Amino acid sequence: MPEMLEAEEARALIAARALDRPVASVFTPDAWYLKRGLTPAAAKRALKGRTLTEARRRGKQILVDTSDGGPVLALHLGMSGRVLVDGDAAGDPLLYASNRDAPEWRRFGLTFADGGTLFLRDPRRFGAVELDPDEDRLGPDAFDLTKPYLAGVLAGSRAPVKAVLMDQHRIAGLGNLLTDEALFRAGIDPARPADSLDPAEVATLHRAVRTTLRTLQRRGGSHTGDHMVAREPGAVCPRDGAPMLRRTVGGRTTFSCGLHQT
DNA sequence: GATGACCTGTGA
DNA sequence: TCACAGGTCATC
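Residues numbered from 1 in each chain as written. Chains lettered and ligands numbered in written order. Predicted model: local features only at pLDDT ≥ 70, side-chain atom pairs only at ≥ 80, totals over all residues. Heavy atoms only, no water.

### Brief notes about the side chain of Thr28
Inspection of the secondary structure assignment puts Thr28 in the loop between β1 (23-27) and α2 (40-47). Here Lys44 takes part through its side chain, which lies 3.4 Å from a polar atom of the side chain of Thr28. (Helix = DSSP H or I, 4+ residues; strand = E, 2+ residues; numbered from the N terminus. Polar contact = N/O pair within 3.5 Å; in protein donor to acceptor, adjacent residues only side chain to side chain.)

### Some remarks on the nonpolar core
Where a protein is soluble and globular, its nonpolar side chains tend to be buried together. Formed by 31 residues in total, the largest nonpolar core has its most connected members in Ile14, Val83, Phe108 and Leu110. Ranked by size, the runner-up nonpolar core spans 25 residues in total, among them Leu165, Leu183, Val202 and Leu205. (Core = buried A, V, L, I, M, F, W, Y, C linked by side-chain atoms within 4.5 Å. Buried < 20%, exposed > 50% of the residue type's maximum accessible area, 1.4 Å probe, protein only.)

### Remarks on the sheet that holds strand β3 (residues 61-66)
Read from one edge of the open sheet, 4 strands run β2-β3-β4-β9, paired in antiparallel fashion. Since the sheet does not close on itself, it has two edges, and those belong to β2 (52-58) and β9 (128-131), each with one partner. Direction aside, the axes of adjacent strands within the sheet are offset by 20° on average. Direction of pairing for β2 relative to β3: antiparallel, over a ladder of 6 bridges. Each residue of the ladder has a partner; that of Leu52, found in β3, is Thr66. (Pairing = 2+ DSSP bridges. Axes fitted to C-alpha atoms, helices over the stretch in contact; angles between N-to-C directions.)

### Quick notes on a positive patch on the surface
Together, Arg207, Arg210, Arg214 and Arg218 make up a positively charged patch on the protein surface. On the secondary structure map, Arg210 appears in helix α6 (residues 199-219). (Patch = residues over 30% accessible without salt bridge, like charges linked within 9 Å, V, L, I, M, F, W, Y side chains within 5 Å. Areas by Shrake-Rupley, 256 points an atom, 1.4 Å probe, with all protein chains shown as cover. Salt bridge = Lys/Arg side-chain N within 4 Å of Asp/Glu carboxyl O. Lys, Arg positive; Asp, Glu negative; His and termini not counted. Charge placed at Lys NZ, Arg CZ, Asp CG, Glu CD.)

### Quick look at the domain arrangement of chain A
Looking at the assigned domains, one finds that chain A contains domain 1 (4-136) and domain 2 (139-257). Between domain 1 and domain 2, the C-alpha centre-to-centre distance is 29 Å. On the side of domain 2, 21 residues touch domain 1, which itself brings 13 residues to the contact. Taken together, the two surfaces of domain 1 and domain 2 that pack against each other cover about 1300 Å², and 57% of this comes from carbon and sulfur. Three residues stand out in domain 1 for area buried against domain 2, namely Met4, Leu5 and Lys60, and they jointly supply 42% of the buried area on that side. At the boundary of domain 1 and domain 2, one finds 1 salt bridge. Asp141 is the salt-bridge partner of Arg57, the closest N and O atoms lying 2.6 Å from each other. Between the two partners, domain 1 and domain 2, sit 5 residue pairs in polar contact (both at pLDDT 80 or more). Those elements that place two or more of their residues in the side of domain 1 that touches domain 2 are α1 (4-17) and β2. Residue contributions to the side of domain 1 that touches domain 2 peak at 5 residues, all from α1. Partitioned by chemical class, the residues of the side of domain 1 that touches domain 2 number 5 nonpolar, 1 polar and 7 charged. (Domains from an automatic or database assignment. Contact = heavy atoms within 4.5 Å. Buried area = accessible area lost by both parts, 1.4 Å probe. Nonpolar A, V, L, I, M, F, W, Y, C, P; charged D, E, K, R; others polar.)

### Describing the pattern of salt bridges
Within this structure, the stated rule accounts for 24 salt bridges. Note that Arg56 and Glu135 form a salt bridge whose closest N and O atoms lie 3.2 Å from each other. Pair noted here: Arg56 is in strand β2 and Glu135 is in the loop between β9 and α3 (147-155), with a separation of 79 residues, a long-range link.

### Points about the protein's contact with DNA strand C
Near DNA strand C there are 22 residues, and of these Met1, Glu6, His76, Leu95 and Arg252 occur at the shortest range. Within 4 Å of the protein, the contacting atoms of DNA strand C are 57% sugar and phosphate, with bases supplying the remainder. Here Glu3 contributes a side-chain N or O atom positioned 3.2 Å from a sugar or linking oxygen of DNA strand C. Arg252 places a side-chain nitrogen or oxygen 2.5 Å from a phosphate oxygen of DNA strand C. (Near = heavy atom within 4 Å.)

What follows is the structure, encoded as structure tokens:
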């Protein structure tokens, strides 16, 4: 299930292969999938005849600009979505989700005048398509996270530090796996109240977030973290051999080392 | 802020 | 059959 690294791969795929191709038709078989009042008719009207001019991303949200003053096309991958351009998907197959290609999983699509296609495939239907989203409902993208900003959002909350890191309004892009990995690397207990971190811990966490994003992006996705091998019942910490804890923190299944994450 | 709801597929 | 899944939203 995609986090910001998978969204970035999808963005890059669109940027590389789907721009400047006139849209001949818009495929909207699943009206439920269109959000914020968007209808199939309105989507067709807004996109047909235009080209995609730029593919951006903020957190997990993929934002595609369109030509001639057209709308911003916003794609969200939800828990199981993938973008396909001319039938090809970017990146590794998803964990926890089917990677088959059943035609009925295509929830939205564009057919270009040259015969090519862009599809959003999403078995679980947790993704979304909308036009002109309010981009500022998201915090700054996690790639742009600064230490002072992180210090500020942590100091302002008594919620578990993991919940704050995953709050898309505060920081956009970190999901369950990336957050667990960053806290694992930083040696910080995910359940710690955010405002209990001292400045040294904030600095360590900031570095861990940056290292996690860079390293896992290079390795190929959110599922390539060091702690992933220990993400199962009875596992031990790959760093020190201590038992891994499995809990719910911030509403999500959380694995952490009971020894080095304090 | 924690909880349940949304929806569907997979694997034990 | 059940538990579980990399997300987000409304609700108490």
